[in-house]
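Next come the chains, spelled out residue by residue.
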Amino acid sequence: MLAFLVVFALVPLVVPALTRRLGRRVFPVIALIPAAAFVFTLTQTPKILAGSAPTEVIPWIPQLEMSFAVRVDTLSWLLALIVTGIGALVLVYCAWYFTDAEEGLGRFASVLLAFTGTMYGLVIADDVFLLFIFWEATSVFSYLLIGHYTGRRASRVAALQALIVTTAGGLVMLVGLVMLAVPAGTSRLSDLVAMAQDGRLDLAAPLVTTAVILVLVGALSKSAIIPFHFWLPAAMAAPTPVSAYLHAAAMVQAGIYLVARLAPGFSATPGWHPLLLGLGLATMLVGGWRALRQNDLKLLLAYGTVSQLGFLIVVTGFGTRTAALAGVALLLAHALFKAALFLVVGIIDHRAGTRDLRKLSGLGREAPVLAIVGMLSVLSMAGVPFTAGFVAKEAVLAGFLGAAQGAGGAGPGSAAGWIALVGVALGSTLTVAYSARFLWGAFARKKGVEKVRPVHESVSFLAAPAILAVSGIVLAPLFRLVGDLLAGYPNRFPPDAHDYHLGLWHGFDGALLVSTFTLLAGLTLFWARTSVSTAQAKLPPIVNTSELYGRTMTGLDRLAARVTSATQRGSLPFYLSIILLTLVGTVGATLVMNRTWPAEWRLWDSPAQLVIGGIMAVAAVALTRADKRFAAALLVGVTGYGMAALFAFHGAPDLALTQVLVETVTLIAFVLVLRRLPARLGQTHGSAHRGVRAVVSVSVGLMMAAVAIVALGARTHLPISLALPDLAHDVGHGSNVVNVVLVDVRGWDTLGELSVLIAAATGVASLVFLRSRTDNLPRVPDAVRRSLRSRLRPVRETVSAEYVPGVKDPSTRNAWLLAGLKLAPENRSILLEVVIRLLFHAVVVVSVFILFAGHNSPGGGFAGGLVAGLALAGRYLAGGRYELGAAAPVDAGRLLGVGLLLAAGTAVTPLFFGAHALTSAWFDATIPVLGHIEFTTSTIFDVGVYLVVIGMVLDVLRSLGAEVDRQQEEASDELEEGSTI
Amino acid sequence: MSVSLVLVAVMAVLYSCGVYLLLERSMTRVLLGFLLVGNATNLLILVVSGRAGAAPFYGESDPLADPLPQAFVLTSIVITFGVSAFLMALIYRSWRLAHADVVEDDTEDVAVGRRDVSVAAEPEIASDDTEFGTRATAAVSTAVDLAEQERLEEAERLEMLHRFEEQLRREVEPLDTASLDAEPLDAERLDPDHTESTDGDRP
């Protein structure tokens, strides 16, 4: 059984491809799968008859008691036969219904097959959560199938409506299932029903009662019972084979199935009978009444289905043995005749191009076989003697009569029996009337209506409805046998006073009397159809929940539009203020309720904090008033350097070092951008906003202060970091704890940080370069010197006399920088060039030293990389972009990539040696000359960090520096050209 | 643990000034605010890390400053640099494209906000009485031409879309011109004396 489910899950994936090759002939091929499932289920019959229930269980989430459990007992066996049998027939029918040119045929075939499998899974699932998954999956597939004609608005609207109603009901059901399964300690449906039956589950307990009602809501929504009934007629926008299968034989019967499944155990739940009996009868009457008004044959059938579903709910929910037997018989009969009738309507539409009974005339004579098939099904629907429908209806009436006379065993009692009997009799009258209307509407000759044109009837097209219709008749005399086959289900109910057996003839009893009455009354209604429809037109619609649905959805849309227009101001400061105020509100409320305040307060750790902090605070306040960009950059730099000083006093030399370096690089980058912007900081908020902003920002500041104090006050345990120095020394083989934490203990963090840096660097480059971020730093031809000898030769440059006092003619001299001569002479500073020339190489060596020394003393990859980056920045500032190209012959992207590769490689390599990722190894050796050398693999990680940081700085320099220069030159060149022309 | 009030006060000031600047419309000020908030957050981590102490090296005998928060702060310093570099590139690009250093209101957001909130009700389900219509094998003369109907529906949909776009355009246009008028930087840009030259590269 599970194997079939797997096939049903996998084959639909290849059906679209198959359809491209086979066209509509794909349908008979895929029909083989449900057909095989049908045959397989038939082979299980002996086991079912013997009273056993084949079960397969695969554990899924044992902690939640969830499993892939399937179980076939009598009820599941019957439903599985209906679902797979009719599924196969409908699939075959589709091959004639559609043409190869049908749009989305592959999707349709695939979804219909998947739906068949889901439905099969639904009726055999024994785990309530598995059942729920199938349940909602059928809703989704039904959505896709109803919306098959994507170009038609009616299709789309109907599909969405069906989806919303049935999935909402399904969710309610899920809540009920959880409430049932969790306290009971099992999610197996069979166990739950058994527990309810033998009293282990207290049905009167509020939790259980509520749970059962919630589950019933799901069942009612699926089976289109009032107040959810409106989605089913709308769903008729689906192609007719879908209506035949989903909305007559399969999906809508899922709700009935669930009620029938629960009834043996749960029908004694308080509220069960009033709910099902009341809503079921109402649905039966309303559906029948509406069906009588329809002119579209398909809609007539749809309302008829609504009516019959109400009927089925009444019967299956009734809870006596006879009613249960009648229920399963009716389920079978209904599936047979209703599917056949829909298929017949499909053929009519396919032939005549209309389903409107006012436009059809004389079809019976032109299509006799079709008419016979249709008539056989209609007779069964109306419950005319010697049909399956009749047998089932007799059983229903006998059951209700018995209950009314007090022979109902465990049923709801005599009064309920009378109500059900009268209601069903009235409903059946309407059923007879609309059945007659259908037959007349589809096949009769009508005065004043053009006759349908003759056309050759395709026998194979008719095969599926014919098989269904004929089995409805053939089965009727065999129903005694069918009753025995199905006995396993009703026998789970306590016995009634009289044993009832299905059969064509029970003598002249009360049931036959009622049956005859309904037939006569129904025919009278049909006879007087003109006056009936006049009367109907005068009455207001009885139950109009579809309008309620429509108004709810419109209201929801309107609410969404209002909320959007209220919150979407388009202003980032506004959004940010809202976010910050929410932060202050929520965190502030938590702080107010806080009871942990620090035990000890002190003004400062050292008086220097007061001085430094004071300067920082002044700078920060001044920054808010600054209106020159350059001044602002310097002020923010003051707070940054202040931070470095605070770090130093706190005992964090690494932080101080890194902060100083970063602050310097930031300042340089800032200045590089600022030179292209106007000096003044332009627009500010109007003064009206200033007060609000001040309130928001001050409250954020105060709140953060409170957060800091409370967080510190809440610290009661010894910090974890007390163990870190020993850990760093013994495991990481380094004395600098912070560095070891970065490259070893918490290396993953650093790896993530490197990725952020690379993303930021790439972002900077792509924002400025626009087209390609590959290395395009300009090169000085002289700078590309390969041989060692030419490297040793000094670079010469030409100097014009104008700028060098004392030199008469243009002459040459030794250059300090490689690209000096690319600069305009008035921009050159010989002092700067000399200093940079002297410092550059030394600084690079220092950066390497900082990198390697960092494991044991302040420094490390970050600081080292920043120092090297500063050296590059110096070259650029002194000599422009050509000089930067000479100083950094490697592409920034490559540096970033290699750096990340080294770091990630260090992280991953230990895995190959069976160790955890980022485990570091340690070597030491005594090498002549150098002495004792120690080496940890985490140093390689640090080298990766070093390279990434250099790459980042280089990217900033070549983007915000070199490329901005180039774009500026380009722009001014264009300007000059423009002015000369 | 005990609290150093000076540090908490400085942190509060940095946060306040930072948030004040973040709420500005000038992108440069937003960047400045971001830097201040970054510094304030590092200070927060420092404050809650406990007392100052000796630098965290193995073998120190004095009580050490907590090394773990220091590693966090180190990471945060470098990331702040990365993000601020990105913001600078953003500012430059915005200036180059639009000559604006301003976070403007999203005009489409504003237009959507100002729109009439009436929502067209879902159309009643106008059910056709056929799936085949004139394409049926032997269609009756009264059969519906579905292809024609779909064309009409599509045209109606496009018409609705078109009307919506028109309305949006009418609402957005006045906003656009208004925001351009409010841009005072344009004049300064043309005046070369206002542009700071801070490196020796260009005049």
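Residue indices follow the written sequence of each chain, beginning from 1 at its first position. Starting at A for chains and at 1 for ligands, labels are handed out in the order in which the entities are written. Local features in this predicted model are restricted to residues whose pLDDT is 70 or higher, and side-chain atom pairs enter the listing and the counts only when it is 80 or higher, whereas totals over whole chains, interfaces and linings include all residues.

Going by what an unreviewed UniProt entry lists, chain B is known as Na(+)/H(+) antiporter subunit C and is assigned to Terrimesophilobacter mesophilus. UniProt positions are given in the numbering used here, feature names are shortened, and annotations may be inferred rather than shown by experiment. Its UniProt record gives chain B the following Subcellular location (unreviewed entry) comment, quoted word for word: "Cell membrane".

Per an unreviewed UniProt entry, chain A carries the name Na+/H+ antiporter subunit A and comes from Terrimesophilobacter mesophilus.

Undergrad: How should I be thinking about helix α22 (residues 510-527) of chain A in this particular structure?
TA: An α-helical turn contains 3.6 residues, so any two residues separated by three or four positions project in the same direction. Put simply, DSSP marks the helices as runs of H or I at least four residues long and the strands as runs of E at least two long, and each gets a number from the N terminus on. Helix span is expected to be 1.5 Å times the residue number reduced by one. In a regular helix each residue adds 1.5 Å, so 18 residues correspond to 26 Å; α22(A) covers 26 Å between its end C-alpha atoms and thus fits that length. Looking at the buried residues of α22(A), the elements they touch are α17 (368-382), α18 (388-404), α19 (414-443) and α23 (529-538) of chain A. Contact between residues is assigned whenever the C-beta positions, reconstructed from backbone atoms, fall within 7 Å.

Undergrad: Please explain the environment of L122(A) as it appears in this structure.
TA: Residues and elements named next belong to chain A. Among the secondary structure elements, L122 is positioned in helix α5 (residues 105-124). Partly exposed residues are those falling between the two cut-offs: more than 12 but fewer than 20 other C-beta atoms within 10 Å of their own, whereas 20 or more means buried and 12 or fewer means exposed, with C-beta atoms placed from the backbone. By the C-beta count within 10 Å, which is 28 here, L122 ends up buried. Between the C-alpha atoms of L122 and A254, which are 132 residues apart in sequence, the distance is 7.9 Å. L122 has contacts with L131, F134, W135, T138 and A254, leaving out every residue within four places of it along the chain.

Undergrad: For this particular structure, what's the right way to read the nonpolar core?
TA: For soluble globular proteins, nonpolar side chains are generally found buried alongside one another. The term nonpolar core refers to a group of buried residues, namely Ala, Val, Leu, Ile, Met, Phe, Trp, Tyr and Cys, whose C-beta atoms join them within 7 Å. Among the nonpolar cores identified, the biggest contains 220 residues, and A329(A) and A339(A) are the most heavily contacted of them. Ranked by the residues each element gives to this core, the list is headed by helix α15 (residues 321-352) of chain A, at 23 residues. Counting residues in hydrophobic clusters, the runner-up holds 149 residues, among them A632(A), A765(A), A71(B) and M88(B).

Undergrad: Just to check I follow, could you spell out the pairing of strand β1 (residues 55-61) of chain A for this structure?
TA: Across a regular strand the side chains alternate sides, sitting on one face of the sheet and then on the other. Residues and elements named next belong to chain A. By the convention used here, strands pair only if DSSP detects at least 2 bridges between them. Relative to strand β2 (residues 66-71), β1 runs antiparallel, the two sharing six bridges. Across the sheet, residue I61 finds its bridge partner in β2, namely M66. Where β1 folds back on β2, the antiparallel hairpin that results is connected by four residues, among which E65 adopts a positive phi of roughly 65 degrees.

Undergrad: Help me understand the interface of chain A and chain B in this model?
TA: A common way to report how large an interface is uses the accessible area buried once the components associate. Contacts between the two partners involve 149 residues from chain A, matched on the other side by 121 residues from chain B. The biggest single contributor to the side of chain A that touches chain B is helix α29 (residues 687-713) of chain A, with 14 residues. The class makeup of the residues in the side of chain A that touches chain B is 80 nonpolar, 40 polar and 29 charged. Alignment of strand β3 (residues 600-602) of chain A against strand β1 (residues 2-4) of chain B, held across three bridges, turns out to be parallel. Across the sheet, residue R602(A) finds its bridge partner in β1(B), namely S4(B). Each residue gets one of three labels, nonpolar for Ala, Val, Leu, Ile, Met, Phe, Trp, Tyr, Cys and Pro, charged for Asp, Glu, Lys and Arg, and polar for the others, Gly among them.

Undergrad: Please clarify how unusual backbone geometry should be interpreted in this entry.
TA: Generally, phi is negative for residues other than glycine and the peptide bonds are trans, each holding for most cases. Residues and elements named next belong to chain A. In the segment running from I226 into P227, the intervening peptide bond is cis, with an omega of 5 degrees. Summarising the element assignment, P227 is placed in the loop between α9 (206-222) and α10 (231-234). One non-glycine residue with positive phi stands out, namely H733, at about 55 degrees. Relative to the helices and strands, H733 resides in the loop between α30 (724-730) and α31 (737-745). Of the residues examined, H733 has 22 C-beta atoms within 10 Å and is grouped as buried. The backbone of L918 sits at a positive phi, close to 70 degrees, despite the residue not being glycine. Mapping L918 onto the fold places it in the loop between α36 (892-912) and β6 (922-927). Exposure remark for L918: the 23 C-beta atoms within 10 Å place this residue in the buried category.

Undergrad: What is the right way to read the confidence of the model for chain B from this model?
TA: Caution applies to low-pLDDT regions: their predicted coordinates should not be interpreted in detail. All names here are of chain B. On average, residues of chain B carry a pLDDT of 77, and 75% of them reach 70 or more. Predictor confidence is given residue by residue as pLDDT, running from a minimum of 0 to a maximum of 100. Averaged over each element, pLDDT in chain B is lowest for helix α6 (residues 185-190) (40) and highest for helix α1 (residues 5-22) (94). Low pLDDT, under 50, characterises residues 177-203; the predicted model gives this stretch 41 contacts beyond four residues in sequence or across chains. Across the assembled chains, the prediction reports ipTM 0.70 with pTM 0.68.

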